[in-house]
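Residues per chain are reported as follows:
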Amino acid sequence: MGQRLKYKIRKFLKNPFYKRGDFYVKLTFTIFCISIFIFLFFLFDGIVYFENIIYAKNYVGNPFQVHVINVENGDAFLLRMPNNETIMVDTGDDKYYDRVESYIKQYFHYEKLNSIDYLILTHSDKDHIGNAISIMKKYNVKNIIRPDVYSKFEETNSLTDDKYIITESEIYSDVIKYAFDNKIQMVFANDLKSMSLGECKINFLWLENNKFTDDNNHSIVFKLIYKSKSFLFMGDAEEKFEENLISIYKDELNADVLKVGHHGSKTSTSQEFLNIVNPKFAILSCSSRSSILPSHEVIDRLSNMNIKIASTANEGNFAMTVTDSGIEFAKATRKPNYLALIFAIGTILVAIVWKNPVYNNTKAIKSIKGKKIIE
Ligand SMILES: [Zn+2]
């Protein structure tokens, strides 16, 4: 070590910043305050706190949570399972990628999880799978559960053309192609039939010989059972699909919560179907800007049966859980990070009004001495 450097260090130790007068004392104090502020900032949620999209954090850590993300007329749900696994049901339209991405980020942060164990793609419409590729690119998606209705085309094309051109839906083709290329495990819902994740059971209610030709009626429909409560997810299934479900699954359709089919469109949720499901709550994923959805007919049917409606149009993002007292619902509301806020304001105030008493005293003594000399 050079003599000059040694001298500098010795000089610094003898005369550190905080002894060098007003400016250096303030600088040291400010650096100290900023360090504590940064520490508190990260301690109290950090960047996540400033996300535009509000996370419904009322049930953080609860082993069973159903999160409904507001993607207007589209579907995107995150389910936290009792075995700490995550299911994502649909991904919303790519127009709302920022909302979905931000929500997943916060979900992982608050729930201390880091992968989407099952991504259920109910059917091939853009308002359901529009963000699937982006989510697979950004997050660790382990399995995809999808309807088998297009599998014929996939098999045919896989032998002759590795591009997987499926005429029905270009987006769906791209999603499947991406998943194949990236070796993401894919299963058909009807092959699974049911699965258990901790205390939670999922039954896929499949139509064995589905003859429908439109995408909505290829939707994966499933019933989620946790403790004594159940949730029925309908995708965009329509009335004719409901009729088939009734003929096959009748008693199994009864559920406490119904994710209403097709965003509350009048093509779904018939009175007969509602009578059999007999839900207490209805989840509606629809837009507040839409004049068509949800339809008055469906709202009237739900209201007449005293079914409590929770819609993304009215509540924005929200979450549900099951406790000993039953099913609970809470919408996402921002709670200010008071401690970080108070500290930030405090730091600024102190920096403005604070004066170094030691330095000022020294100055005062000097001036008194000076005066004495003059006197
Ligand atoms: Zn839809």
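Calculation rules
- Residues numbered from 1 in each chain as written.
- Predicted model: local features only at pLDDT ≥ 70, side-chain atom pairs only at ≥ 80, totals over all residues.
- Helix = DSSP H or I, 4+ residues; strand = E, 2+ residues; numbered from the N terminus.
- Buried ≥ 20, exposed ≤ 12 C-beta atoms within 10 Å, placed from the backbone.
- Pairing = 2+ DSSP bridges.
- Axes fitted to C-alpha atoms, helices over the stretch in contact; angles between N-to-C directions.
- Core = buried A, V, L, I, M, F, W, Y, C linked by C-beta atoms within 7 Å.
- Contact = placed C-beta atoms within 7 Å.

Considering the overall build of the chain
So, point 1. The helix and strand tally for the chain stands at 15 helices and 15 strands.
So, point 2. The proportion of buried residues among the 375 residues of the chain is 37%.

Brief notes about the sheet that holds strand β10 (residues 229-233)
So, point 1. Strand order in the open sheet formed by seven strands is β7-β8-β9-β10-β11-β12-β13, and the pairing between neighbours is mixed. Every interior strand has two partners, whereas the edge strands, β7 (194-197) and β13 (308-311), have only one. Neighbour-to-neighbour, the strand axes of this sheet turn through a mean angle of 15 degrees, independent of strand direction.

Observations concerning the nonpolar core
So, point 1. Core analysis: the largest hydrophobic core is formed by 76 residues, its most contacted members being Ile 69, Phe 77, Leu 119, Ile 120, Val 221, Leu 232 and Phe 233.
So, point 2. Other than its neighbours up to four places away in sequence, Val 221 contacts Leu 205, Phe 233, Met 234, Gly 235, Ala 237 and Leu 245.

A closer look at the pairing of strand β1 (residues 65-68)
So, point 1. Every second residue of β1 is oriented toward a common face, with Gln 65 and His 67 on one face and Val 66 and Val 68 on the other, all of them buried.
So, point 2. Summarising the sheet, β1 and strand β2 (residues 76-80) pair through four bridges and their orientation is antiparallel. For Val 66, the partnering residue across the bridge sits in β2 and is Leu 79.
So, point 3. Note: β1 against strand β14 (residues 318-323), four bridges, orientation antiparallel. Considered in β14, the bridge of Val 68 is made with Phe 318.

Quick look at the pairing of β7
So, point 1. With four bridges joining them, β7 and strand β8 (residues 200-204) adopt antiparallel strand pairing. Note that in β8 the partner of Ser 196 across the bridge is Lys 201.
So, point 2. Connecting β7 to the next strand, β8, in antiparallel fashion are two residues, including Gly 198 with a positive phi near 60 degrees.

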